[in-house]
Amino acid sequence: MSLAVMPLLQQFVVLLAALALFLSFVLLAQTRLVAAIHVFAWQGALVAAVTFTVALTGHAGHLYFSAILTLILKALLIPWMLHRLVRRLGLERHTERLRHPALVVMAGVALVIFSYWLVLPMVEQGLAFTRNIIAVSLALVLIGLLMMVFRHQAVAQVLGFMSMENGLFLAAVSATAGMPLVVELGVAFDLLVAMVLFGVFFFQIRESIDSLDVDRLNRLTEVE
């Protein structure tokens, strides 16, 4: 089954997922922390829109609550917490220098191709919608992991981690018509706890080495 013969709402879900994937590339190449936080907020809003559209498609009542929770948490609350953290750390105008940005973006493209290759068995079964959603979700996870590996700023690495979570959530909502509500509430609570712990961890790093560049941690030597 091709994209052209899929129901309209399913095509809209694939479009929103593709836009979220595009924002992953923007997030990967963005050097300013504040702008990267804005991009993450828009990606969270797209994931919330996907959840709402899946709720319309499958008439799943609990997904409406999940969409609202995702919008509040990933598009509003977590970006606000990150903004507040960046402001308290004095990083509003911080710009990270990327090493070989073109190669990093090309690696992201390669991960997208790998994700679609990995789901090729679904093509034989005619599962066009599931194939595209799983491929895009996997690409989101892998690009988030790539961001965590290649970025040296701790806050940027947290954004990569949160982008990975967006990919996992997108797959769970779109391919399986949503998780149980209690699981979604547990995930939301875990994300909030993680943000608090990240904030404490950042302040500890800043007080220890006066920077959030994780490369400086690798260069530290033990003083006897």
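Residues numbered from 1 in each chain as written. Predicted model: local features only at pLDDT ≥ 70, side-chain atom pairs only at ≥ 80, totals over all residues. Heavy atoms only, no water.

Re the overall build of the protein
Just so we agree on the cut-off: A run of H or I in DSSP counts as a helix once it spans at least four residues, and a run of E counts as a strand once it spans at least two, with each numbered from the N terminus. Burial classes follow relative accessibility: with a 1.4 Å probe on protein chains only, a residue under 20% of its type's maximum area counts as buried, one over 50% as exposed, and anything between as partly exposed. Should any heavy atoms of two residues lie within 4.5 Å, those residues are counted as being in contact. Here the open area of atoms and residues is found with the Shrake-Rupley method and a 1.4 Å probe, where only the protein chains shown may cover a residue.
A count of helical and extended segments in the protein gives nine helices and zero strands. Helices and strands in the protein line up, N terminus first, as α-α-α-α-α-α-α-α-α. By the burial criterion, 48% of the 224 residues in the protein qualify as buried. Contacts in the protein between residues at least 24 apart in sequence constitute 75% of all its contacts with a sequence separation of at least 6. Of the roughly 11700 Å² of accessible surface on the protein, 70% is carried by carbon and sulfur atoms.

Some details on the nonpolar core
What counts here: Only buried residues count toward a nonpolar core, which is a set of Ala, Val, Leu, Ile, Met, Phe, Trp, Tyr and Cys residues joined through side-chain atoms within 4.5 Å.
One finds Leu21, Ile78, Leu82, Leu159, Met162 and Met195 to be the most contacted residues of the largest nonpolar core, which totals 50 residues. Counting residues per element, the ones that place at least two in this core are helix 1 (8-29), helix 2 (33-58), helix 3 (61-88), helix 4 (101-118), helix 6 (128-150), helix 7 (154-176) and helix 8 (181-209). Top element by residues in this core is helix 2. It accounts for eleven residues. When near neighbours in sequence (up to four residues on either side) are disregarded, Met195 contacts Ile78, Met81, Leu82, Val158 and Met162.

Brief notes about a nonpolar patch on the surface
The cut-off we apply is this: Every patch collects residues that have over 30% relative accessible area and no salt bridge, joining them within 9 Å if they carry like charges and within 5 Å if they are nonpolar side chains (Val, Leu, Ile, Met, Phe, Trp, Tyr). In what follows, salt bridge is the name for a side-chain nitrogen of Lys or Arg lying within 4 Å of a carboxyl oxygen of Asp or Glu.
On the surface, a nonpolar cluster with roughly 570 Å² of combined accessible area is contributed by Ile68, Leu71, Ile72, Leu76, Leu77 and Trp80. Turning to its location among the elements, Trp80 is positioned in helix 3.

Structural notes on the UniProt feature "transmembrane region" (unreviewed entry) in the protein
What counts is decided by this rule: UniProt positions are given in the numbering used here, feature names are shortened, and annotations may be inferred rather than shown by experiment.
UniProt's entry tags residues 12-29, 36-57, 63-82, 102-120, 132-151 and 185-203 with the feature "transmembrane region" (unreviewed entry), counted in the numbering of this structure. Regarding residues 12-29, the helix share stands at 100% and the strand share at 0%, and the terminal C-alpha atoms are separated by 26 Å. The annotated region residues 132-151 carries 95% helix and 0% strand content, and the separation between its end C-alpha atoms amounts to 28 Å.

Re the packing of aromatic side chains
As a reminder of what qualifies: To pair, rings of Phe, Tyr and Trp, with the six-membered ring standing in for Trp, must have centres within 6.5 Å; the planes then decide the type, stacked if under 30 degrees apart, edge-to-face if over 60, and tilted in the middle.
Summed over the entire model, instances satisfying the criterion amount to two aromatic pairs. An angle of 70° between the planes, with centres 5.6 Å apart, marks the rings of Phe52 and Tyr64 as edge-to-face. With a gap of twelve residues between them, Phe52 in helix 2 and Tyr64 in helix 3 connect regions that are remote in the sequence. Judged by its relative accessible area of 40%, Phe52 is partly exposed. Take Tyr64: its relative accessible area is 30%, and that puts it in the partly exposed class.

Quick notes on the side chain of Asn166
Threshold: Polar contacts, as counted here, are pairs of nitrogen or oxygen atoms within 3.5 Å of one another; within protein the pair requires one atom able to donate a hydrogen and one able to accept it, and residues that are adjacent in sequence qualify only if both atoms are side-chain atoms.
Examined against the element boundaries, Asn166 turns out to sit in helix 7. Residue classification places Asn166 among the buried residues on the basis of a relative accessible area of 0%. At 2.9 Å, the side chain of Asn166 forms a polar contact with the side chain of Gln43. Contact partners of Asn166, with chain neighbours within four places excluded, come to Phe40, Gln43, Gly44, Val47 and Lys74.

Here we look at the environment of Thr130
Its place among the elements puts Thr130 in helix 6. Sequence separation between Thr130 and Ala175 is 45 residues, and the spatial gap between their C-alpha atoms is 5.7 Å.

Focus: helix 3
Because each turn of an α-helix spans 3.6 residues, side chains separated by three or four positions in sequence point in the same direction. Stated precisely, the cut-off is as follows: Residue count minus one, scaled by 1.5 Å, sets the expected span of a helix. Each residue is assigned a bend, namely the angle between axes fitted to the seven residues that terminate at it and the seven residues that start at it.
With 28 residues, helix 3 should cover 40 Å at 1.5 Å per step; its first-to-last C-alpha distance of 40 Å lies within 8% of that length. The sharpest bend along helix 3 comes to roughly 30°, located at Leu73.

Side note on the pattern of salt bridges
A full pass over the atoms with the stated rule returns one salt bridge. Where Lys74 meets Glu165, a salt bridge forms, and the shortest distance between an N and an O atom there is 2.5 Å. Pair noted here: Lys74 is in helix 3 and Glu165 is in helix 7, with a separation of 91 residues, a long-range link.

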